Amino acid sequence: MSSILTNNSAMVALQTLKSINMDLAKTQSMISTGKEVGSARDNSAVWAISKVMESDVKGFKAISESLSLGSSSVAVARNGAETVTDLLNDMKEKIVAAQGENVDRTKLQADVDAIADQISSVVGAAQFNGLNMLNGTESVNVLSSLDRASDGTVSSANITVARQDLSFDGGVYGTGADLSANITTTLGANLAADGTGDAFSNGANVLEATVAGTLTAGETYNFQIAGETVSFTTTTTAVNDLASGLTAAINAAGIEDISATVAGAVISINSTSQFDAVEVNTSGTGSGTFALEANGATAAAATTNTQTINARASELAFSTTAGVNEGDGYRATIGGVSYDYVAGPNETFEDVARGLKTVIDGAGIENIETRVRQDATTGAWVLQIDNDGAAQTLTDAGAAGGTATGGLVGLDNLDVTSDEGVAAALANIETYIDTTIDAAAEFGSSQGRIDTQAEFISNLTDSLKSGIGALVDADMEEASARLQALQVQQQLGVQSLSIANQAPQTILSLFR
């Protein structure tokens, strides 16, 4: 049925043309903006996801900048630590040269002092944007990541870089918890025959050997002292003659730090060894015996053929069970003057013992020498302190809550003008070099981690951008082809609408 009031064909053609125009407008927008989803109206779910990802990309850009700043700061600190290591090696060369006798130690001392000043300058200047990681102990956090959980919550992550204190700062001894139980002092008593002595001075430790038994002429008896063997062959049957003969043989052997005296049948072996215990063994081809006293205590009736003469040095032994926390301070008081070392982060009792040694050596106390060793039996770290002068007091203490001592404390007080100073400097320079090597290695490890994270963040950002593009970007080849198709459809739609509008004119011809 045809009607002049309702033109169904025109309405269909009009709706079709409107739909084509809408698609054409959307395609033109895609081509002009490059996005298939340009607003929440286009696809709300995809648009929301893309916006969250875009915010993460901006966050990772800030993280990348933080990592670049952190890498630069750590690089400066690493270069500073490496430079200090090189300077310490130069200083070691001067110290080794000072070991010789025919050298000008005054000039070498001037060189050592100049290098110490240069090290101080390097440590002070090794800063980036005001951050010096060669001074102090507080760790530095470098923003390294932005972590989004499945429930949408966001948290940041950091790379923690530990400062490596290479300053000469003596630290501050704390007033916190008492730590004296972690350190035990054993005085190096100069033992006499009755086991008494003057505790902390320069005498000799004495081991008595009492000769007894029935002797026959022609028997050979031996003393092995500090690995060297001395012998005497009897010409009489008197024990006093054997004692005198062995005493003379010991003195003639020229064993370092060892001498002997005799009183009747009792041989007194005197050891002035500062830091090393001396083992004594006896043997013989005859029936004669030697009763060796036990470190100054008069021997019991039983005969012993092996004994040890203790070292003269006093010992500060550190705990094998307790730990060391930052700020734990340990003190050795010599002759009423206190010398402190306060631990930094992640230090051990080995570090404490070596640090306390450098502090004492750096003070240049007359007649005082030190050495660090680890007890072979207990595993405890021990600071040995030898006094080659008048008797002095030696006490220990410990307290928590202090400010850490600098890693190069005492470096500016090294003395190569005396034999004792040279010996101490040579021992301590190795500790300083190890400290700076560890510091440079720690910075190198941290810088490598930061650089790896920076590369990851860069790649992750690219991946996020690619993902966002896959969600919202328009396929331009498809959009171009669709545009041409819609333009053709638009032309056809216009023609269809034109034909539909001519239908009433056709009806009018029926009435002619």
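Residues numbered from 1 in each chain as written. Predicted model: local features only at pLDDT ≥ 70, side-chain atom pairs only at ≥ 80, totals over all residues. Heavy atoms only, no water.

So, the overall build of the protein
1) Next: Looking only at helices and strands, the protein features eight helices and 19 strands.
2) Next: Relative to a compact globule of 512 residues, whose C-alpha radius of gyration would be 24 Å, the protein shows 44 Å and is clearly more extended.
3) Next: Each principal axis of the C-alpha distribution contributes one length, and for the protein these read about 175 × 50 × 40 Å.
4) Next: Residues classed as buried in the protein amount to 40% of the 512 residues present.
5) Next: For the protein, restricting intrachain contacts to residue pairs at least 6 apart in sequence, the fraction spanning at least 24 positions comes to 70%.
6) Next: For the protein, the accessible area works out to roughly 25500 Å², and carbon and sulfur atoms hold 50% of it.
7) Next: Computed over 24 positive and 61 negative side-chain charges, the inter-centroid distance for the protein is 24 Å. (Helix = DSSP H or I, 4+ residues; strand = E, 2+ residues; numbered from the N terminus. Rg over C-alpha atoms; globule rule 2.2 N^0.38 Å. Buried < 20%, exposed > 50% of the residue type's maximum accessible area, 1.4 Å probe, protein only. Contact = heavy atoms within 4.5 Å. Areas by Shrake-Rupley, 256 points an atom, 1.4 Å probe, with all protein chains shown as cover. Lys, Arg positive; Asp, Glu negative; His and termini not counted. Charge placed at Lys NZ, Arg CZ, Asp CG, Glu CD.)

A few points about the packing of helix H5 (residues 349–362) against helix H6 (residues 419–472)
1) Next: Taken N-terminus to C-terminus, the directions of H5 and H6 make an angle of 135°; their axes are 10 Å apart at the nearest point. When the axis of H5 is compared with that of H6, the two are oblique. The two elements H5 and H6 meet at a crossing, and its hand is left-handed. Facing H5, whose interface residues are Arg354, Lys357, Thr358 and Asp361, H6 presents Ala424, Ala427, Asn428, Thr431 and Tyr432.
2) Next: Residues belonging to the contact of H5 with H6 are distributed by class as follows: three nonpolar, three polar and three charged. (Axes fitted to C-alpha atoms, helices over the stretch in contact; angles between N-to-C directions. Parallel < 35°, antiparallel > 145°, perpendicular 65-115°, else oblique. Left-handed = near helix turned anticlockwise from the far one by under 90°. Nonpolar A, V, L, I, M, F, W, Y, C, P; charged D, E, K, R; others polar.)

Some words on the environment of Thr272
1) Next: For Thr272, the position within the fold is in the loop between strand E10 (266–271) and strand E11 (278–284).
2) Next: Measuring from C-alpha to C-alpha, the distance between Thr272 and Asp257 comes to 5.0 Å, with 15 residues separating the pair along the chain.
3) Next: Not counting the four nearest positions on each side in its chain, Thr272 is found in contact with Gly203, Ala204, Asp257 and Arg312.

Observations concerning the sheet that holds strand E13 (residues 306–309)
1) Next: With antiparallel pairing, four strands are arranged side by side in an open sheet as E8-E7-E11-E13. Unpaired on one side and paired on the other, strand E8 (228–233) and E13 mark the two borders of the sheet. Adjacent strand axes in the sheet meet at a mean angle of 20° when their direction is disregarded.
2) Next: Across the face of the sheet, helix H4 (residues 239–253) comes into contact with strand E7 (220–225) and E8 while running at roughly 145° to E8. (Pairing = 2+ DSSP bridges.)

Description of the pattern of salt bridges
1) Next: Considering all chains together, one arrives at 14 salt bridges under this definition.
2) Next: Put simply, Arg312 and Asp386 hold a salt bridge, and the shortest N to O gap is 2.7 Å. Of this pair, Arg312 sits in the loop between E13 and strand E14 (314–318) while Asp386 sits in strand E18 (residues 381–387), and the two are 74 residues apart along the sequence. One exposure class covers both Arg312 and Asp386, and it is buried.
3) Next: Here Arg331 ties to Asp340 by a salt bridge, and the two come within 2.6 Å at their closest N and O atoms.
4) Next: Overall, the relative accessible area of 18% leaves Asp340 in the buried class.
5) Next: Residues participating in the shared-partner salt-bridge network are Arg312, Asp386 and Asp388. (Salt bridge = Lys/Arg side-chain N within 4 Å of Asp/Glu carboxyl O.)

Remarks on the confidence of the model for the protein
1) Next: Within the protein, residue pLDDT values average 86, and 94% of them lie at 70 or more.
2) Next: Ranking the elements of the protein by mean pLDDT puts helix H8 (residues 503–508) last with 73 and strand E16 (residues 337–342) first with 95.
3) Next: Overall, residues 298–302 carries pLDDT values under 50, and its contacts beyond four positions in sequence, including any with other chains, amount to five contacts. (pLDDT = per-residue confidence, 0-100.)

Some thoughts on the sheet that holds strand E15 (residues 329–334)
1) Next: Taken in spatial order, the three strands of this open sheet run E16-E15-E19, and their pairing is antiparallel. Among the strands making up the open sheet, the edge pair consists of E16 and strand E19 (394–399). Averaged over all adjacent pairs, the angle separating strand axes in this sheet is 20°, with direction ignored.
2) Next: Relative to E19, E15 runs antiparallel, the two being bridged by six bridges. Bridging from a neighbouring strand, Ala332 pairs with Asp396 of E19.
3) Next: Lying on the sheet, H5 is in contact with E15 and E16; it crosses E16 at an angle near 140°.

A look at the packing of helix H1 (residues 8–33) against helix H7 (residues 476–501)
1) Next: Two numbers describe how H1 lies on H7: the axes approach to 8 Å, and their chain directions differ by 160°. Accordingly, the angle class assigned to the pair H1 and H7 is roughly antiparallel. Of the two elements, H1 crosses H7, and the hand of that crossing is left-handed.
2) Next: Each residue belonging to the contact of H1 with H7 can be placed in one class, and the counts come to 15 nonpolar, ten polar and two charged.

Examining the packing of aromatic side chains
1) Next: Evaluation of the coordinates by the stated rule reveals five aromatic pairs.
2) Next: Where Phe223 meets Phe290, the ring centres are 5.2 Å apart and the plane angle is 85°; that geometry is what we call edge-to-face. Taken together, the residues span a long stretch of sequence, with Phe223 in strand E7 and Phe290 in strand E12 (residues 289–292) at a distance of 67 residues.
3) Next: Measuring from centroid to centroid gives 5.7 Å for Phe318 and Tyr330, while their planes differ by 90°, and the two rings are edge-to-face. With Phe318 in strand E14 and Tyr330 in strand E15, this pair connects stretches of sequence that are twelve residues apart. No difference in accessibility class separates Phe318 from Tyr330, as the two residues are buried.
4) Next: Against the face of Tyr173 rests Arg331, its NZ or CZ located 3.9 Å from the ring centre. (Phe/Tyr/Trp six-rings, centres within 6.5 Å; stacked < 30°, edge-to-face > 60°. Lys NZ or Arg CZ within 6 Å of the ring centre and 35° of its normal.)

Concerning the pairing of E13
1) Next: Residues Gln307 and Ile309 line the buried face of E13, whereas the alternating positions Thr306 and Thr308 sit on a face that is not buried.
2) Next: Two elements, E11 and E13, share four bridges in a ladder whose sense is antiparallel. Paired with Glu279 across the strands is Thr308, a residue of E13.

Here's the deal with the pairing of E8
1) Next: Sheet topology places E7 next to E8; six bridges connect them, and they run antiparallel. In the sheet register, Tyr221 faces E8, and the bridge partner there is Phe232.
2) Next: Count of turn residues in the E7/E8 antiparallel hairpin: two residues, of which Ala226 carries a positive phi of about 55°.

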